Amino acid sequence: MDSKLKMLNAVKIVGFTILTIGIAIFLYGFFVSDYSAITGVGIGTVMGAIFIFLMGIFFVATEEMQEKVKRQLIQ
């Protein structure tokens, strides 16, 4: 259980950090810069952060289900 909590915390921290950077890039590109490509980079960064977070949650849930099946097979 401890390894799952460590994985969830790591995913949460990394996802939040990348999400914050992506929002900052998006806002800079949308309001400050004249180049629309920077806005696209910000949107891509935000989507990447969401993808990383969801994949981390998926990995933890998969690991939990595998352990549950192992316990049922042993009993």
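As shown above, the structure is provided for reference.
Peer 1: What exactly am I supposed to notice about the environment of isoleucine 23 here?
Peer 2: Note on placement: isoleucine 23 falls in helix H1 (residues 2-32). Along the sequence, isoleucine 23 and serine 36 sit 13 residues apart, while their C-alpha atoms lie 15 Å from each other.

Peer 1: Even after reading the chapter, I still don't get the environment of isoleucine 57, so can you show me in this structure?
Peer 2: The residue isoleucine 57 is located in helix H2 (residues 36-74) in this model. Overall, isoleucine 57 belongs to the partly exposed group, its relative accessible area being 33%. Separated by 18 residues in the primary sequence, isoleucine 57 and glutamine 75 have C-alpha atoms spaced 28 Å apart.

Peer 1: Help me understand the pattern of salt bridges, please; the structure alone is not making it clear to me.
Peer 2: Opposite charge on two side chains permits them to pair, given that their charged atoms come into close proximity. Tallied over the full model, the rule gives four salt bridges. Note that glutamate 64 and lysine 4 form a salt bridge whose closest N and O atoms lie 3.4 Å from each other. One end of the pair, glutamate 64, is in helix H2; the other, lysine 4, is in helix H1, and 60 residues separate them in sequence. The exposure class of lysine 4 is buried, given its relative accessible area of 6%. One salt bridge connects lysine 4 with glutamate 67, and the closest N-O pair in it is separated by 2.9 Å.

The rules behind each value
Residues numbered from 1 in each chain as written. Predicted model: local features only at pLDDT ≥ 70, side-chain atom pairs only at ≥ 80, totals over all residues. Heavy atoms only, no water. Helix = DSSP H or I, 4+ residues; strand = E, 2+ residues; numbered from the N terminus. Buried < 20%, exposed > 50% of the residue type's maximum accessible area, 1.4 Å probe, protein only. Salt bridge = Lys/Arg side-chain N within 4 Å of Asp/Glu carboxyl O.

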